[in-house]
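Notes for the structure review
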Amino acid sequence: MTSDVADKSGRVRTGGSVATRPPVRPRRRGIGWAQRLEIAALSGPAILMFVGFVIFPVLMAGYYGFYRWKGFGVPTDFVGLDNYRTILTDNSFHEALWHNGQIVVLSLVLQGPIAIGLALLLNKRMRGQSIIRVLIFVPYVISEVIVGTAWALMLQTNGAVNDVLRSIGLGGVAEDWLANPKLAIWTLMLILTWKYIGFAVILFLAGMQNIPEELSEAAAVDGASFWQTQLRITLPLLGPTIRIWGFLSIIGALQLFDLVYIIWGQYVASTAGTSTMATYMVLEGRNAANYGYGNAVAVVLFIISMFIALVYQRFVLRRDTEGALTGGR
């Protein structure tokens, strides 16, 4: 027959052997009312703003999307899913969706490599580095109205761009840069790249500042060239920043409206091949005095953007957000 004896250290002797008691986990203290009030006071205004300016408009757009509504009074002409059926069968919407897809792909393909190359060069010490950074970032902070108006004037048939080409003997190259369907999408991409490349460069430069210099110095000691160091060290460590920029670029391309509407107007955009889902929403909704249909288009645009955002986060941003949300594994 064995006996259990507990010594002063909390160990239990069982028949000559020593067993250790499992540690007692301390009880978690609940959050007091004072802390709850503090959390509510700090987060309450932000939550109210989010609900009032994001959640509520989305719900109201979904509600009005079921009606044929002129934009005033209480909607009474209930049409059910007719607005959504029209959207899914309208060739103009299909073209706008296709243009958005082109803008998404071209933005990633054109802006990404150019911004990374400029960031790598500007990350090196050189004379006038600060001035160059400012000049690259200036177009991003200029209002879209100013940018759109200036480019629309310069790219007209008798605009400054064609005048310069004629003055240097390249009059045969002069084109209708805005109305030619074969060139308009590339004209739009040139303007978008010029406008938003500064944001990408600054974002990548900020990401490069977090890369330890010791890694580049160690690679240089091992005989690696500058470009080998960037390819093997800088770009892999810059991956999270590149993926975040890609996410912002995709969402911005899907919701593109202002520059297209300012430069091409409400009617030229569709014939020139630069219409987007947002311009289609304004043209077929507000301008046609069919606000119910415009709200339905807004809901479809929201669903498409949300779906792409969730897929991107699930398969691309997962490696970046997993550690941040769970504290690492």
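The structure we're discussing is the one just above.
Conventions adopted
Residues numbered from 1 in each chain as written. Predicted model: local features only at pLDDT ≥ 70, side-chain atom pairs only at ≥ 80, totals over all residues. Heavy atoms only, no water. Core = buried A, V, L, I, M, F, W, Y, C linked by side-chain atoms within 4.5 Å. Buried < 20%, exposed > 50% of the residue type's maximum accessible area, 1.4 Å probe, protein only. Helix = DSSP H or I, 4+ residues; strand = E, 2+ residues; numbered from the N terminus. Contact = heavy atoms within 4.5 Å. Phe/Tyr/Trp six-rings, centres within 6.5 Å; stacked < 30°, edge-to-face > 60°. Lys NZ or Arg CZ within 6 Å of the ring centre and 35° of its normal. Expected span 1.5 Å × (residues − 1). Bend = angle between axes of the 7 residues up to and from the residue. Polar contact = N/O pair within 3.5 Å; in protein donor to acceptor, adjacent residues only side chain to side chain. Salt bridge = Lys/Arg side-chain N within 4 Å of Asp/Glu carboxyl O.

**Thoughts on the nonpolar core**
Counting 41 residues, the largest nonpolar core has Ile-103, Leu-188 and Trp-264 as its most contacted members. Of all the elements in the fold, those that place two or more residues in this core are α2 (82-89), α3 (91-122), α5 (144-154), α7 (181-209), α10 (239-254), α11 (258-272), α12 (277-286) and α13 (291-315). Contacts of Ile-103, omitting those with residues within four sequence positions, involve Ile-185, Leu-188, Met-189, Leu-192, Ala-253, Leu-256 and Thr-276. Counting 14 residues, the second-largest nonpolar core is a separate cluster that includes Ile-116, Met-208, Leu-238 and Trp-245.

**Examining the packing of aromatic side chains**
Throughout the structure, instances matching the rule amount to 17 aromatic pairs. Look at Tyr-67 and Phe-78: their rings are 5.4 Å apart centre to centre, the planes differ by 75°, and that puts the pair in the edge-to-face class. A residue pair is termed long-range when its members are at least 10 positions apart, and Tyr-67 in the loop between α1 (33-64) and α2 and Phe-78 in the loop between α1 and α2 qualify at 11 residues. Overall, Tyr-67 belongs to the buried group, its relative accessible area being 14%. Since its relative accessible area comes to 53%, Phe-78 is described here as exposed. Plain terms: the ring middles of Trp-151 and Trp-194 are 5.6 Å apart, the flat faces sit at 75° to each other, and that makes the pair edge-to-face. With Trp-151 in helix α5 and Trp-194 in helix α7, this residue pair connects regions lying 43 residues apart in the sequence. Taken together, the ring pairs in this structure connect Tyr-63, Tyr-64, Phe-66, Tyr-67, Trp-69, Phe-78, Tyr-84 and Tyr-291 into an aromatic cluster. Against the face of Trp-33 rests Arg-36, its NZ or CZ located 4.9 Å from the ring centre.

**Considerations on α3**
Between the first and last C-alpha of α3 there are 45 Å, a value that for 32 residues agrees with the 46 Å anticipated at 1.5 Å per step. At Ser-107, α3 shows its largest bend, some 25°. With a side-chain oxygen lying 3.1 Å from the backbone nitrogen of Ser-92, the N-terminal cap of α3 falls on Asp-90.

**Thoughts on the pattern of salt bridges**
The tally for this structure, following the rule as stated, stands at four salt bridges. A salt bridge links Asp-82 to Arg-85; the shortest N-O distance between them is 2.7 Å. Here Asp-82 pairs with Arg-85, and both are found in helix α2, just three residues apart, close to one helical turn. Note that Arg-166 is salt-bridged to Asp-163, the shortest N-O span being 3.3 Å. Here Arg-166 and its partner Asp-163 are both found in helix α6 (residues 160-167), three residues apart, which amounts to about one turn of the helix.

**A short note on the environment of Leu-118**
Residue position: Leu-118 is located in helix α3. Taking the C-alpha atoms as reference, Leu-118 lies 9.4 Å from Ile-136; in sequence the two are 18 residues apart. Sequence-distant contacts of Leu-118, defined by excluding residues within four places in its chain, comprise Ile-136, Ile-197 and Val-201.

**Some points on the side chain of Asn-83**
Mapped onto the fold, Asn-83 is located in helix α2. By relative accessible area, which is 7% here, Asn-83 ends up buried. Sequence-distant contacts of Asn-83, that is, excluding residues within four places in its chain, are made with Gly-65, Tyr-67, Gly-292, Tyr-293 and Ala-296.

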